[in-house]
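Working through the structure, step by step
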Amino acid sequence: MSRIIVITNPAEQEDAALRYLDSWVHKMIKLAKQQSDTLIFELQKDRANQKELTQIISDNKPQLILFNGHGSDNCIMGYKGNILIKCDENEHLVKDKIIHALSCSSGKELGIQCIKIGTLAYIGYREEFKFVHSNKQSREDILNDDMANFILEPAYEAVVALIQGDTAKNAYNRSQEIYKENLAVLITSNRTELNTIVASQLFHDLKYQICLGNGEASF
Amino acid sequence: MFNNNKISEKEKRLIIARLEVLPPELHFSSGNNGYNFSRDEMIVQVESESDVGKNFVATELEFLRAIKDGSLIKQLV
């Protein structure tokens, strides 16, 4: 049976956070395409809406869903703030699936609710996901933005691990390990911007990343 | 998690000082309300005690407290 991934990507270029996530999503899709027996469906730009998400889940029954976009305690958003998944509305869509949500705070309520209704595992953040960057524009420049990579590399390590078939707990641990490695680099750096603000933003994301549900779940 | 109480002047000055040493091209983004502020714009947010500014200060103080109480180092070992 094919391994099926759905990935949401609002890819709004005028929004720096989404522009950066778009570049990393592109990198993750390349990785997924290298995996055997794996199909990936990307809901990009205005296709990152609830109607298309519902349809694609119904038609293809993905085992892994990778959300990228803005969020809040009880929801994950798509294009232009369109709500994709919200507590007490349609979280049933992600039952029996593994979820990774690079969406602010959604781990706080939505993640917990998803596990209650039968989502296998949920990796996300229970507070805002924050990062520092150099406001690059092109995909290549974004992926080479050292400032952003201190945080985005560990953040997406969990996605890499899941795509490679690792368990949810291992994916979370791999991500946490790189966060910690990078934190050690930052706090021992003699560059003031690294050992102060970049370190504090990374520490925040490290601290509030969570893994809920069955840690042994794998894709 | 973050209280919305007033920032003390001391805390504000501390965080602004930390921001001022950063290269001006650095930007801060979050996925909550989609903000993207340059260094100088974040200084304005902190100075004006906006929600973004207070949130930023809270994150910085949490980090500084973690250094002080040793919990940050415990994370790394």
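Note that the structure is a prediction, hence the values are computed from the model and not measured.

1. Some points on the overall build of chain B
In terms of regular secondary structure, chain B is built from four helices and two strands. The linear arrangement of helices and strands in chain B, starting from the amino end, is α-β-β-α-α-α. Of all 77 residues assigned to chain B, the portion counted as buried reaches 51%. In chain B, 49% of the contacts between residues at least 6 apart in sequence involve partners at least 24 apart. A total of about 4000 Å² of accessible surface is found on chain B, and carbon and sulfur atoms cover 53% of it.

2. Examining unusual backbone geometry
Residues and elements named next belong to chain A. Positive phi outside glycine occurs at Lys 61, with the angle close to 50°. Tracing the chain through its elements places Lys 61 in the loop between helix H2 (50-60) and strand E3 (64-68). Its identity as a non-glycine residue notwithstanding, Asp 88 has a phi of 60°, on the positive side. Tracing the sequence through the fold places Asp 88 in the loop between strand E6 (83-86) and strand E7 (98-102). By relative accessible area, which is 67% here, Asp 88 ends up exposed.

3. Some points on the packing of helix H5 (residues 146-163) of chain A against helix H6 (residues 168-187) of chain A
Helix-helix packing is characterised by the crossing angle of the two axes and by the distance between the axes. Residue and element names in this part refer to chain A. Viewed as axis vectors pointing N to C, H5 and H6 meet at an angle of 165°, and their least axial separation amounts to 7 Å. Viewed along their axes, H5 and H6 adopt a mutual orientation that is roughly antiparallel. Note on packing geometry: the crossing formed by H5 with H6 is right-handed. Within the contact between the two elements, H5 uses Asn 149, Phe 150, Ile 151, Glu 153, Pro 154, Ala 155, Glu 157, Ala 158, Val 160, Ala 161 and Leu 162 and H6 uses Ala 168, Ala 171, Arg 174, Ser 175, Ile 178, Tyr 179, Asn 182, Val 185 and Leu 186. For the contact of H5 with H6, the per-class residue count stands at 14 nonpolar, three polar and three charged.

4. Points about the packing of helix H1 (residues 9-20) of chain B against helix H2 (residues 39-47) of chain B
Residues and elements named next belong to chain B. Direction vectors running N to C along H1 and H2 enclose 175°, while the axes themselves pass 10 Å from each other. Comparing their axes, H2 and H1 come out roughly antiparallel. Mapping the contact onto sequence places Lys 12, Arg 13, Ile 16, Leu 19 and Glu 20 in H1 and Arg 39, Met 42, Ile 43, Val 46 and Glu 47 in H2. Across the contact of H1 with H2, the residue classes break down as five nonpolar, no polar and five charged.

5. Topic: the sheet that holds strand E2 (residues 36-38) of chain B
Sheets are built from strands that pair by backbone hydrogen bonding, the pairs being arranged parallel or antiparallel. Ordered by their spatial adjacency, three strands build an open sheet running E9(A)-E1(B)-E2(B), and the pairing between neighbours is antiparallel. Looking at which strands have only one partner, the edges of the open sheet turn out to be strand E9 (130-133) of chain A together with E2 of chain B. Direction aside, neighbouring strands of the sheet carry axes that sit 20° apart on average. Of the pairings in the sheet, the one linking strand E1 (residues 27-30) of chain B to E2 of chain B comprises three bridges and is antiparallel in character. Opposite His 27 of chain B, over in E2 of chain B, you have Ser 38 of chain B as the bridge partner.

6. Let's talk about the sheet that holds strand E10 (residues 209-213) of chain A
Residues and elements named next belong to chain A. Strands sit in the order E2-E1-E3-E7-E8-E10 across an open sheet of six strands; the sheet is mixed. Looking at strand neighbours, the two that pair on one side only are strand E2 (38-44) and E10, the edges of this open sheet. Here the strands of the sheet are splayed against their neighbours by 15° on average, with no regard to which way each runs. As paired strands, E7 and strand E8 (residues 121-125) are joined by three bridges and run parallel to one another. Residue pairing in the sheet places His 100 in a bridge with Ile 123 of E8. The strands touched by helix H1 (residues 16-34) within the sheet are strand E1 (3-9), E2, E3 and E7, with E2 carrying the most contacts at an inclination of about 160°. Along the sheet, H6 makes contact with E8 and E10, crossing E10 at roughly 170°.

7. Examining the side chain of Asp 15 of chain A
With respect to the helices and strands, the residue Asp 15 of chain A is situated in the loop between E1 and H1. Here Ala 17 of chain A takes part through its backbone nitrogen, which lies 3.1 Å from a polar atom of the side chain of Asp 15 of chain A. Here His 70 of chain A takes part through its side chain, which lies 2.7 Å from a polar atom of the side chain of Asp 15 of chain A. Ignoring sequence-local partners within four residues, the contact set of Asp 15 of chain A consists of His 70 of chain A together with Gly 34 of chain B.

Scoring rules and cut-offs
Per-chain numbering applies: the sequence of each chain, read as written, is numbered from 1 onward. For this description, chains carry letters from A and ligands carry numbers from 1, given in the order in which they are written. Predicted model: local features are reported for residues with pLDDT of at least 70 only, side-chain atom pairs are reported and counted for 80 or more only, and whole-chain, interface and lining totals are derived from all residues. Only hydrogens and water are set aside; all other atoms, that is, all heavy atoms of the structure, feed into the side-chain values. Comment: elements are numbered from the N terminus, with helices defined as DSSP H or I runs of at least four residues and strands as E runs of at least two. Burial here depends on accessible area, computed with a 1.4 Å probe over protein chains only, as a share of the maximum for the residue type. Under 20% is buried, over 50% is exposed, and the range in between is partly exposed. Contacts are assigned to residue pairs with any non-hydrogen atoms lying within 4.5 Å of each other. Each accessible area value is a Shrake-Rupley result obtained with a 1.4 Å probe; residue values ignore everything except the protein chains displayed when judging cover. A fitted line through C-alpha atoms serves as each axis, taken over the contacting stretch for helices, and the angle formed by two N-to-C directions is quoted from 0 to 180°. Throughout, the term roughly parallel applies to angles under 35 degrees, roughly antiparallel to angles over 145, roughly perpendicular to angles from 65 to 115, and oblique to all others. Left-handed describes a crossing whose near helix is turned anticlockwise from the far helix by less than a right angle; the clockwise case is right-handed. Gly is put with the polar residues, along with every residue not named as nonpolar or charged; the nonpolar set is Ala, Val, Leu, Ile, Met, Phe, Trp, Tyr, Cys and Pro, and the charged set is Asp, Glu, Lys and Arg. When DSSP finds at least two bridges between two strands, those strands are taken to pair. Polar contacts, as counted here, are pairs of nitrogen or oxygen atoms within 3.5 Å of one another; within protein the pair requires one atom able to donate a hydrogen and one able to accept it, and residues that are adjacent in sequence qualify only if both atoms are side-chain atoms.

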